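As a plain string of letters, each chain reads:
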Amino acid sequence: MKHTITLIPGDGIGPEVVEATRRILEATGVEFQWEVVNAGATALEKEGSLLPERLFESIKKNKVALKGPTTTPVGGGFRSVNVALRKALELYACLRPCRSYPGIPSRYENIDIVIVRENTEDLYAGIEFEKGTPEAEKLLSFISQSQREEVRKDSGISLKLISETGSRRIARFAFEYARANNRKKVTAVHKANIMKFSDGLFLSVAREVASAYPDIEFEDRIVDNLCAQLVQRPHQFDILLLPNLYGDIVSDLCAGLVGGLGVAPGANIGDEIAVFEPTHGSAPKYTGLNKVNPVATILSGVMMLRYINERAAADRVEAAVADVVAEGKSVTYDLRPERDSTTAVGTSEMTDAIITKLS
Ligand code: NAD
(Lines give C-alpha, C1' and ligand atoms only; values in the text may rest on other atoms or scores of the structure.)
Protein backbone atom coordinates (compact mmCIF):
# COMPACT_ATOMS: atom_id res chain seq x y z
CA MET A 1 0.00 0.00 0.00
CA LYS A 2 1.25 3.44 -0.95
CA HIS A 3 1.20 6.01 1.88
CA THR A 4 0.48 9.65 1.07
CA ILE A 5 2.33 11.79 3.59
CA THR A 6 2.62 15.57 3.97
CA LEU A 7 6.32 16.46 3.97
CA ILE A 8 7.28 19.78 5.57
CA PRO A 9 10.98 20.57 5.02
CA GLY A 10 10.96 23.43 7.54
CA ASP A 11 13.67 26.07 8.03
CA GLY A 12 17.37 26.20 8.84
CA ILE A 13 18.70 22.64 9.04
CA GLY A 14 15.15 21.28 8.47
CA PRO A 15 15.44 20.63 4.72
CA GLU A 16 18.70 18.66 5.18
CA VAL A 17 17.47 16.37 7.96
CA VAL A 18 14.08 15.87 6.30
CA GLU A 19 15.72 14.96 2.99
CA ALA A 20 17.97 12.47 4.82
CA THR A 21 14.90 10.89 6.40
CA ARG A 22 12.96 10.78 3.12
CA ARG A 23 15.85 8.94 1.45
CA ILE A 24 16.04 6.38 4.25
CA LEU A 25 12.28 5.79 4.40
CA GLU A 26 12.23 5.21 0.64
CA ALA A 27 15.19 2.84 0.88
CA THR A 28 13.06 0.51 3.06
CA GLY A 29 10.92 -0.34 0.00
CA VAL A 30 7.75 1.03 1.64
CA GLU A 31 5.98 3.13 -0.99
CA PHE A 32 5.35 6.80 -0.29
CA GLN A 33 3.79 9.66 -2.13
CA TRP A 34 5.06 12.89 -0.59
CA GLU A 35 3.08 16.11 -0.65
CA VAL A 36 5.70 18.77 -0.01
CA VAL A 37 4.36 21.90 1.71
CA ASN A 38 6.26 24.73 3.36
CA ALA A 39 5.76 26.13 6.85
CA GLY A 40 7.60 28.68 8.98
CA ALA A 41 10.02 31.35 7.75
CA THR A 42 10.37 29.69 4.30
CA ALA A 43 6.60 29.73 3.84
CA LEU A 44 6.43 33.35 5.00
CA GLU A 45 9.02 34.34 2.42
CA LYS A 46 7.54 32.32 -0.46
CA GLU A 47 3.82 32.36 0.28
CA GLY A 48 3.30 35.30 2.64
CA SER A 49 2.18 33.19 5.61
CA LEU A 50 3.98 31.19 8.32
CA LEU A 51 1.24 28.58 8.08
CA PRO A 52 -0.36 28.64 4.62
CA GLU A 53 -3.89 27.29 4.33
CA ARG A 54 -2.74 24.55 1.92
CA LEU A 55 -0.56 23.17 4.72
CA PHE A 56 -3.62 22.56 6.89
CA GLU A 57 -5.56 21.17 3.91
CA SER A 58 -2.78 18.70 3.11
CA ILE A 59 -2.32 17.49 6.70
CA LYS A 60 -6.06 17.18 7.30
CA LYS A 61 -6.41 15.13 4.12
CA ASN A 62 -3.39 12.85 4.62
CA LYS A 63 -3.64 12.63 8.44
CA VAL A 64 0.12 12.05 8.72
CA ALA A 65 2.99 14.51 8.28
CA LEU A 66 6.76 14.45 8.63
CA LYS A 67 8.02 17.87 9.63
CA GLY A 68 11.39 19.56 9.87
CA PRO A 69 11.91 22.20 12.56
CA THR A 70 10.63 25.67 11.73
CA THR A 71 11.84 29.12 12.72
CA THR A 72 9.44 31.58 14.28
CA PRO A 73 10.70 35.08 13.43
CA VAL A 74 11.56 37.00 16.61
CA GLY A 75 9.53 40.20 17.06
CA GLY A 76 6.87 41.35 14.61
CA GLY A 77 4.13 39.86 16.76
CA PHE A 78 4.47 36.36 15.28
CA ARG A 79 3.15 33.53 17.41
CA SER A 80 5.06 30.26 17.41
CA VAL A 81 4.47 28.22 14.27
CA ASN A 82 4.57 24.98 16.21
CA VAL A 83 2.23 26.08 18.95
CA ALA A 84 -0.26 27.31 16.35
CA LEU A 85 -0.02 24.09 14.31
CA ARG A 86 -0.45 21.83 17.33
CA LYS A 87 -3.42 23.81 18.59
CA ALA A 88 -5.15 24.14 15.21
CA LEU A 89 -4.91 20.39 14.51
CA GLU A 90 -5.64 19.40 18.15
CA LEU A 91 -2.38 17.47 18.36
CA TYR A 92 -2.72 17.27 22.10
CA ALA A 93 -0.08 14.65 22.86
CA CYS A 94 3.61 15.22 22.36
CA LEU A 95 5.43 11.91 22.51
CA ARG A 96 9.21 11.94 22.90
CA PRO A 97 11.03 8.68 23.53
CA CYS A 98 14.53 9.16 25.00
CA ARG A 99 16.53 6.00 24.55
CA SER A 100 20.24 5.23 24.81
CA TYR A 101 21.95 3.62 21.83
CA PRO A 102 25.39 2.08 22.40
CA GLY A 103 28.09 4.22 20.84
CA ILE A 104 26.45 7.59 21.44
CA PRO A 105 28.62 9.57 23.85
CA SER A 106 26.66 10.20 27.05
CA ARG A 107 27.08 10.11 30.83
CA TYR A 108 24.50 7.32 31.08
CA GLU A 109 23.73 3.93 29.55
CA ASN A 110 20.46 2.05 29.11
CA ILE A 111 18.14 5.01 29.50
CA ASP A 112 14.64 4.31 28.22
CA ILE A 113 12.26 7.12 29.20
CA VAL A 114 9.18 8.20 27.28
CA ILE A 115 7.95 11.76 27.64
CA VAL A 116 4.22 12.39 27.24
CA ARG A 117 3.73 16.15 27.18
CA GLU A 118 0.39 17.95 27.01
CA ASN A 119 0.62 20.02 23.86
CA THR A 120 -2.22 22.57 23.77
CA GLU A 121 -2.63 24.27 27.17
CA ASP A 122 -0.65 25.76 30.04
CA LEU A 123 1.54 28.87 29.67
CA TYR A 124 2.06 27.74 26.07
CA ALA A 125 -1.51 28.53 25.05
CA GLY A 126 -0.26 31.99 24.12
CA ILE A 127 -2.89 33.92 26.12
CA GLU A 128 -0.92 37.03 26.97
CA PHE A 129 -1.50 40.69 27.76
CA GLU A 130 1.22 43.23 27.12
CA LYS A 131 2.22 45.66 29.89
CA GLY A 132 0.34 48.95 29.70
CA THR A 133 -2.48 47.82 27.36
CA PRO A 134 -6.10 48.52 28.45
CA GLU A 135 -6.72 44.73 28.63
CA ALA A 136 -3.74 44.21 30.94
CA GLU A 137 -4.80 47.11 33.16
CA LYS A 138 -8.36 45.82 33.37
CA LEU A 139 -7.19 42.34 34.29
CA LEU A 140 -4.69 43.67 36.84
CA SER A 141 -7.31 45.75 38.61
CA PHE A 142 -9.68 42.74 38.66
CA ILE A 143 -6.87 40.64 40.17
CA SER A 144 -6.10 43.33 42.78
CA GLN A 145 -9.75 43.45 43.82
CA SER A 146 -10.45 39.74 43.85
CA GLN A 147 -7.20 38.74 45.58
CA ARG A 148 -7.33 41.74 47.94
CA GLU A 149 -3.68 42.16 47.20
CA GLU A 150 -1.94 44.91 45.22
CA VAL A 151 -0.34 43.70 41.97
CA ARG A 152 2.15 45.88 40.11
CA LYS A 153 0.44 47.99 37.45
CA ASP A 154 3.47 47.69 35.15
CA SER A 155 3.17 43.90 34.88
CA GLY A 156 2.93 41.87 31.67
CA ILE A 157 0.63 38.84 31.92
CA SER A 158 0.89 35.29 30.55
CA LEU A 159 -1.95 33.02 31.61
CA LYS A 160 -1.53 29.44 32.72
CA LEU A 161 -4.73 27.57 31.93
CA ILE A 162 -4.95 23.86 32.62
CA SER A 163 -8.33 22.23 32.09
CA GLU A 164 -9.87 19.03 33.38
CA THR A 165 -10.65 18.00 29.78
CA GLY A 166 -7.11 18.61 28.58
CA SER A 167 -5.60 16.85 31.60
CA ARG A 168 -7.88 13.83 31.26
CA ARG A 169 -7.16 13.22 27.58
CA ILE A 170 -3.37 13.47 28.00
CA ALA A 171 -3.41 11.24 31.11
CA ARG A 172 -5.46 8.65 29.24
CA PHE A 173 -3.06 8.88 26.32
CA ALA A 174 -0.12 8.15 28.66
CA PHE A 175 -1.79 5.12 30.23
CA GLU A 176 -3.03 3.76 26.90
CA TYR A 177 0.48 4.20 25.51
CA ALA A 178 1.87 2.36 28.55
CA ARG A 179 -0.48 -0.59 27.98
CA ALA A 180 0.08 -0.77 24.24
CA ASN A 181 3.85 -0.63 24.61
CA ASN A 182 4.27 -2.85 27.64
CA ARG A 183 5.53 -0.07 29.90
CA LYS A 184 5.24 -0.45 33.67
CA LYS A 185 4.95 2.98 35.27
CA VAL A 186 3.63 6.52 34.72
CA THR A 187 5.06 9.43 36.74
CA ALA A 188 2.96 12.63 36.71
CA VAL A 189 5.08 15.77 36.99
CA HIS A 190 3.76 19.02 38.50
CA LYS A 191 4.22 21.88 40.93
CA ALA A 192 0.88 21.34 42.66
CA ASN A 193 2.24 22.49 46.01
CA ILE A 194 2.46 26.03 44.60
CA MET A 195 -0.03 26.10 41.70
CA LYS A 196 -2.93 24.35 43.36
CA PHE A 197 -5.63 25.15 40.81
CA SER A 198 -3.71 24.45 37.59
CA ASP A 199 -1.02 21.86 38.38
CA GLY A 200 -3.20 20.64 41.27
CA LEU A 201 -6.02 19.91 38.82
CA PHE A 202 -3.59 18.19 36.43
CA LEU A 203 -2.40 15.94 39.27
CA SER A 204 -5.82 15.09 40.66
CA VAL A 205 -7.13 14.18 37.19
CA ALA A 206 -4.00 12.07 36.51
CA ARG A 207 -4.61 10.23 39.81
CA GLU A 208 -8.23 9.58 38.90
CA VAL A 209 -7.31 8.28 35.44
CA ALA A 210 -4.58 6.10 37.01
CA SER A 211 -7.18 4.31 39.14
CA ALA A 212 -8.69 2.87 35.93
CA TYR A 213 -5.33 1.29 35.02
CA PRO A 214 -4.41 -0.88 38.03
CA ASP A 215 -1.94 -2.84 35.87
CA ILE A 216 0.26 0.29 35.48
CA GLU A 217 2.10 1.74 38.47
CA PHE A 218 1.46 5.43 39.12
CA GLU A 219 3.47 7.99 41.08
CA ASP A 220 4.08 11.72 40.98
CA ARG A 221 7.03 14.10 41.35
CA ILE A 222 7.37 17.83 41.86
CA VAL A 223 9.14 19.14 38.77
CA ASP A 224 12.24 20.54 40.48
CA ASN A 225 12.76 17.32 42.38
CA LEU A 226 12.21 15.36 39.16
CA CYS A 227 15.04 17.29 37.48
CA ALA A 228 17.48 16.42 40.28
CA GLN A 229 16.42 12.76 40.23
CA LEU A 230 16.69 12.57 36.44
CA VAL A 231 20.32 13.63 36.71
CA GLN A 232 21.12 11.39 39.71
CA ARG A 233 19.03 8.24 39.12
CA PRO A 234 17.36 8.40 35.70
CA HIS A 235 16.79 4.64 35.43
CA GLN A 236 13.92 4.73 37.94
CA PHE A 237 11.69 6.48 35.36
CA ASP A 238 9.58 4.90 32.64
CA ILE A 239 6.85 7.24 31.27
CA LEU A 240 6.80 10.89 32.35
CA LEU A 241 3.43 12.66 32.06
CA LEU A 242 3.80 16.44 32.05
CA PRO A 243 1.90 19.66 31.39
CA ASN A 244 3.14 21.66 28.43
CA LEU A 245 5.90 23.91 29.78
CA TYR A 246 7.56 21.37 32.08
CA GLY A 247 7.31 18.88 29.20
CA ASP A 248 9.21 21.23 26.94
CA ILE A 249 12.03 21.78 29.42
CA VAL A 250 12.28 18.18 30.65
CA SER A 251 12.35 16.98 27.00
CA ASP A 252 15.66 18.77 26.46
CA LEU A 253 16.99 17.50 29.78
CA CYS A 254 16.14 13.91 28.81
CA ALA A 255 17.62 14.44 25.32
CA GLY A 256 20.81 15.42 27.17
CA LEU A 257 20.74 12.12 29.08
CA VAL A 258 20.87 10.09 25.85
CA GLY A 259 23.39 12.06 23.81
CA GLY A 260 21.79 15.38 22.91
CA LEU A 261 19.24 16.99 20.65
CA GLY A 262 20.75 15.37 17.56
CA VAL A 263 19.26 12.01 18.57
CA ALA A 264 15.92 12.97 20.19
CA PRO A 265 12.84 12.16 18.05
CA GLY A 266 9.24 13.18 18.61
CA ALA A 267 5.64 13.17 17.48
CA ASN A 268 2.61 15.39 17.97
CA ILE A 269 -0.46 13.21 18.05
CA GLY A 270 -4.21 13.86 18.08
CA ASP A 271 -7.19 11.56 17.76
CA GLU A 272 -6.93 11.42 13.97
CA ILE A 273 -3.78 13.27 12.90
CA ALA A 274 -0.10 12.88 13.73
CA VAL A 275 2.86 15.11 12.87
CA PHE A 276 6.32 13.61 13.38
CA GLU A 277 9.25 15.93 14.06
CA PRO A 278 12.52 15.98 16.01
CA THR A 279 12.71 17.66 19.42
CA HIS A 280 15.40 20.06 18.20
CA GLY A 281 14.87 23.39 16.45
CA SER A 282 16.11 24.79 13.16
CA ALA A 283 19.69 25.50 14.43
CA PRO A 284 20.08 28.39 11.94
CA LYS A 285 23.85 28.68 12.31
CA TYR A 286 24.30 25.24 10.72
CA THR A 287 22.00 25.86 7.73
CA GLY A 288 23.24 24.31 4.49
CA LEU A 289 26.54 23.12 5.99
CA ASN A 290 25.82 19.37 5.68
CA LYS A 291 26.95 19.11 9.30
CA VAL A 292 24.12 18.29 11.71
CA ASN A 293 22.90 14.94 12.91
CA PRO A 294 19.93 13.54 10.96
CA VAL A 295 19.18 10.81 13.55
CA ALA A 296 16.52 12.74 15.54
CA THR A 297 14.48 13.18 12.36
CA ILE A 298 15.20 9.65 11.11
CA LEU A 299 13.97 8.21 14.44
CA SER A 300 10.89 10.45 14.14
CA GLY A 301 10.44 8.72 10.77
CA VAL A 302 10.72 5.36 12.58
CA MET A 303 7.90 6.46 14.90
CA MET A 304 5.90 7.42 11.81
CA LEU A 305 6.49 4.00 10.22
CA ARG A 306 5.14 2.33 13.38
CA TYR A 307 2.14 4.69 13.40
CA ILE A 308 1.23 3.75 9.81
CA ASN A 309 1.73 0.07 10.66
CA GLU A 310 4.95 -0.48 8.73
CA ARG A 311 6.53 -2.10 11.76
CA ALA A 312 9.05 -4.33 10.00
CA ALA A 313 10.45 -1.33 8.09
CA ALA A 314 10.57 0.67 11.33
CA ASP A 315 12.57 -2.07 13.07
CA ARG A 316 14.98 -2.25 10.12
CA VAL A 317 15.64 1.49 10.09
CA GLU A 318 16.11 1.62 13.86
CA ALA A 319 18.55 -1.32 13.70
CA ALA A 320 20.48 0.36 10.85
CA VAL A 321 20.77 3.61 12.85
CA ALA A 322 21.87 1.65 15.92
CA ASP A 323 24.54 -0.18 13.85
CA VAL A 324 25.97 3.02 12.40
CA VAL A 325 26.16 4.83 15.74
CA ALA A 326 27.60 1.74 17.46
CA GLU A 327 30.40 1.57 14.86
CA GLY A 328 30.98 5.31 15.44
CA LYS A 329 32.79 5.88 12.13
CA SER A 330 30.22 7.43 9.80
CA VAL A 331 28.70 9.79 12.36
CA THR A 332 28.26 13.55 12.61
CA TYR A 333 30.40 15.77 14.85
CA ASP A 334 28.06 15.62 17.86
CA LEU A 335 28.48 11.84 18.10
CA ARG A 336 32.27 11.89 18.11
CA PRO A 337 33.63 11.52 21.66
CA GLU A 338 35.91 14.52 21.14
CA ARG A 339 33.33 16.48 19.06
CA ASP A 340 36.05 16.73 16.45
CA SER A 341 34.73 17.80 13.07
CA THR A 342 37.83 16.58 11.25
CA THR A 343 36.94 12.95 11.98
CA ALA A 344 33.18 13.40 11.65
CA VAL A 345 31.15 12.92 8.46
CA GLY A 346 28.37 15.15 7.12
CA THR A 347 24.59 14.72 7.29
CA SER A 348 24.36 13.10 3.85
CA GLU A 349 27.33 10.74 4.39
CA MET A 350 25.82 9.48 7.65
CA THR A 351 22.55 8.98 5.77
CA ASP A 352 24.37 6.96 3.07
CA ALA A 353 25.93 4.77 5.78
CA ILE A 354 22.50 4.05 7.30
CA ILE A 355 21.07 3.21 3.85
CA THR A 356 23.96 0.79 3.23
CA LYS A 357 23.05 -1.06 6.45
CA LEU A 358 19.45 -1.37 5.27
CA SER A 359 20.29 -3.30 2.13
P1 NAD B 1 17.94 24.41 18.31
O2 NAD B 1 17.42 23.09 18.78
O3 NAD B 1 17.63 24.79 16.92
O4 NAD B 1 19.54 24.42 18.43
C5 NAD B 1 20.25 24.46 19.65
C6 NAD B 1 21.60 23.78 19.46
O7 NAD B 1 21.39 22.36 19.53
C8 NAD B 1 22.25 24.00 18.10
O9 NAD B 1 23.00 25.17 18.06
C10 NAD B 1 23.13 22.78 17.99
O11 NAD B 1 24.32 22.95 18.72
C12 NAD B 1 22.30 21.71 18.65
N13 NAD B 1 21.51 20.93 17.68
C14 NAD B 1 20.21 21.09 17.34
N15 NAD B 1 19.87 20.19 16.42
C16 NAD B 1 20.97 19.46 16.15
C17 NAD B 1 21.24 18.36 15.26
N18 NAD B 1 20.30 17.83 14.46
N19 NAD B 1 22.51 17.86 15.24
C20 NAD B 1 23.46 18.37 16.03
N21 NAD B 1 23.27 19.38 16.89
C22 NAD B 1 22.03 19.92 16.95
O23 NAD B 1 17.41 25.52 19.35
P24 NAD B 1 17.41 27.12 19.26
O25 NAD B 1 18.72 27.58 18.69
O26 NAD B 1 16.95 27.55 20.59
O27 NAD B 1 16.24 27.47 18.23
C28 NAD B 1 16.44 27.83 16.86
C29 NAD B 1 15.09 28.04 16.20
O30 NAD B 1 14.36 26.81 16.17
C31 NAD B 1 14.17 29.06 16.87
O32 NAD B 1 13.54 29.85 15.87
C33 NAD B 1 13.13 28.22 17.57
O34 NAD B 1 11.88 28.89 17.69
C35 NAD B 1 13.02 27.05 16.61
N36 NAD B 1 12.52 25.80 17.23
C37 NAD B 1 11.67 25.08 16.45
C38 NAD B 1 11.21 23.87 16.93
C39 NAD B 1 10.28 23.07 16.05
O40 NAD B 1 10.08 23.43 14.90
N41 NAD B 1 9.69 22.00 16.54
C42 NAD B 1 11.62 23.39 18.19
C43 NAD B 1 12.53 24.15 18.93
C44 NAD B 1 12.98 25.37 18.44
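Nothing here was measured: the structure is a model prediction, and the numbers come from that model. (Residues numbered from 1 in each chain as written. Predicted model: local features only at pLDDT ≥ 70, side-chain atom pairs only at ≥ 80, totals over all residues. Heavy atoms only, no water.)

Colleague: Explain the packing of aromatic side chains to me, please; I cannot follow it from the model alone.
Modeller: Each aromatic ring pair is summarised here by two numbers: the centre-to-centre distance and the angle between the ring planes. The tally for this structure, following the rule as stated, stands at six aromatic pairs. Considering the side-chain rings of Phe-32 and Trp-34, the 4.7 Å spacing of their centres and the 20° angle between planes classify their relative orientation as stacked. Note on Phe-32: relative accessible area 9%, which makes it buried. A ring pair is formed by Tyr-92 and Phe-173, whose centres lie 6.4 Å apart and whose planes are at 85°; its orientation type is edge-to-face. With Tyr-92 in the loop between α4 (81-88) and β4 (93-99) and Phe-173 in helix α6 (residues 164-180), this residue pair connects regions lying 81 residues apart in the sequence. You can call Phe-173 buried: its relative accessible area is 16%. Aromatic rings pair up to connect Phe-175, Tyr-213 and Phe-218 into one cluster. (Phe/Tyr/Trp six-rings, centres within 6.5 Å; stacked < 30°, edge-to-face > 60°. Buried < 20%, exposed > 50% of the residue type's maximum accessible area, 1.4 Å probe, protein only. Helix = DSSP H or I, 4+ residues; strand = E, 2+ residues; numbered from the N terminus.)

Colleague: It is not clear to me how α6 should be interpreted in this structure. Could you clarify?
Modeller: Within an α-helix, residues lying three or four positions from one another point in the same direction, as the helix has 3.6 residues per turn. End to end, α6 covers 24 Å across 17 residues, agreeing with the expected 24 Å (1.5 Å per residue, within 8%). Among the residues of α6, Gly-166, Ser-167, Arg-168, Ile-170, Ala-171, Phe-173, Ala-174, Phe-175, Tyr-177 and Ala-178 are the ones counted as buried. Residue Ser-163 occupies the N-cap position of α6, its side-chain oxygen lying 2.8 Å from the main-chain nitrogen of Gly-166. A positive backbone phi angle near 55° is found at Asn-182, which sits one or two residues after α6. (Expected span 1.5 Å × (residues − 1). Polar contact = N/O pair within 3.5 Å; in protein donor to acceptor, adjacent residues only side chain to side chain.)

Colleague: What exactly am I supposed to notice about the pairing of strand β5 (residues 112-118) here?
Modeller: Along any regular strand, the residues point their side chains to alternate faces of the sheet. Of all seven residues that make up β5, six are buried, and the element is covered over most of its length. Sheet analysis places β4 next to β5, joined by seven bridges and oriented antiparallel. Bridge pairing links Cys-98 to Ile-113 in β5. As defined by bridge partners, β5 adjoins strand β10 (residues 239-242) across four bridges and the pair is classed as parallel. If you follow Ile-115 over to β10, its bridge partner there is Leu-240. (Pairing = 2+ DSSP bridges.)

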